[in-house]
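One-letter residues, chain by chain:
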Amino acid sequence: MRRVSARSESGQALVEFALVAPLVLLLLFGVIQFGIAFNHSISVADAARAGSRAAVIAGPANATAAAKSAVAAAASGLDPATLSAGTTVTVSGTDVTVRVAYPYSINLLGVVVKSGVLSSSITERME
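In this numbering scheme, every chain counts its residues from 1 along its sequence in written order. Given that the model is predicted, a residue must reach a pLDDT of at least 70 before its local features are reported, and side-chain atom pairs must reach 80 or more before they are shown or counted; all residues, however, enter totals for whole chains, interfaces and linings. Based on all heavy atoms of the structure, the side-chain values leave hydrogens and waters out of the count.

Structural notes on the nonpolar core
Side chains that are nonpolar tend, in soluble globular proteins, to be buried together.
Right, so step 1: Ranked by size, the top nonpolar core spans 17 residues in total, and within it V71, L78, L83, V98 and V100 carry the most contacts.
Right, so step 2: Secondary structure elements follow DSSP: runs of H or I no shorter than four residues count as helices, runs of E no shorter than two count as strands, and numbering proceeds from the N terminus. Of all the secondary structure elements, the ones that give two or more residues to this core are α1 (10-58), α2 (63-74) and β2 (95-108).
Right, so step 3: Pairs of residues are marked as contacts when any of their non-hydrogen atoms sit within 4.5 Å. Not counting residues within four places of it along the chain, the set of residues in contact with V71 comprises A47, G51, L83, T87, V98 and V100. The term nonpolar core refers to a set of buried residues drawn from Ala, Val, Leu, Ile, Met, Phe, Trp, Tyr and Cys, joined through side-chain atoms within 4.5 Å. When a residue's accessible area, from a 1.4 Å probe over protein chains only, is under 20% of the maximum for its type it is buried; when over 50% it is exposed; and in between it is partly exposed.

Looking at α1
Right, so step 1: Look at α1: 70 Å from first C-alpha to last across 49 residues, which is about the 72 Å you get at 1.5 Å a residue.
Right, so step 2: Of all the residues in α1, the buried ones are A21, A37, S43, V44, A47, A48, A50, G51, S52, A54 and A55.
Right, so step 3: Elements in contact with the buried residues of α1: α2, β2 and β3 (111-125).
Right, so step 4: In the segment just after α1, G59 is the residue with positive phi, at about 90°. Multiply 1.5 Å by the residue count of a helix minus one, and that product is the helix's expected span.

A look at the pattern of salt bridges
Right, so step 1: Counted as salt bridges are all cases of a side-chain nitrogen of Lys or Arg within 4 Å of a carboxyl oxygen of Asp or Glu. Overall, the coordinates contain 1 salt bridge when judged by the stated rule.
Right, so step 2: For D46, the salt bridge goes to R49, with nearest N and O atoms at 3.9 Å. Linking D46 with R49, this pair stays in helix α1, spanning 3 residues, or about one helical turn.
Right, so step 3: For D46, a relative accessible area of 30% corresponds to the partly exposed category.

Points about unusual backbone geometry
Right, so step 1: Even without being a glycine, L109 presents a positive backbone phi close to 55°.
Right, so step 2: Its place among the elements puts L109 in the loop between β2 and β3.

Overview of the side chain of S120
Right, so step 1: Tracing the backbone through its elements, the reader meets S120 in strand β3.
Right, so step 2: Beyond its immediate stretch of four places on either side in the chain, S120 contacts V44, A45, A48, V98, R99 and V100.

Structural notes on the sheet that holds β3
Right, so step 1: Any two strands with at least two DSSP bridges between them are considered paired. Judged by pairing direction, the sheet is antiparallel, and its 3 strands sit side by side in the order β1-β2-β3 without closing on themselves. Two strands lie at the open edges of the sheet, namely β1 (87-92) and β3, each paired on one side alone. Geometrically, the sheet is characterised by an average inter-axis angle of 15° between neighbouring strands, direction not taken into account.
Right, so step 2: Both β2 and β3 contribute to a ladder of 14 bridges, which runs antiparallel. Looking at β3, one finds that L108 is bridged to V111.
Right, so step 3: Packed on one face of the sheet, α1 meets β2 and β3 and runs near 170° to β2.
Right, so step 4: Packing against the sheet, α2 makes contact with β1 and β2, and its axis sits at approximately 145° to β1. What counts as an axis is a line fitted to C-alpha atoms, over the stretch in contact for a helix, and the angles between N-to-C directions run from 0 to 180 degrees.

Below, the structure written as structure tokens:
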């Protein structure tokens, strides 16, 4: 009777690892990229809320400058130039609307899988 040793199966484990490792790494990088995009989404929503609060406090005359400054301060992890270009403040009567838009892309190993614009709009009443 012939005995099968564990040494003869060491190549099998290496081949299985070589087949599975790229898939696991691709999944890991996808989760990381999605997490970054989700974090940016939360930052955009928070920046819009901060901008609308600052605009209400500043009043109609200084609402735009105060809102843009508050948006930039609230979203410290985002690119300020891109964030500033995507911020619009509209004062109409007793309402102020702050809209913040920020581009995103989910990139896996140099290939853009998904891209678009994250946006949030908040309307508050000035009193």
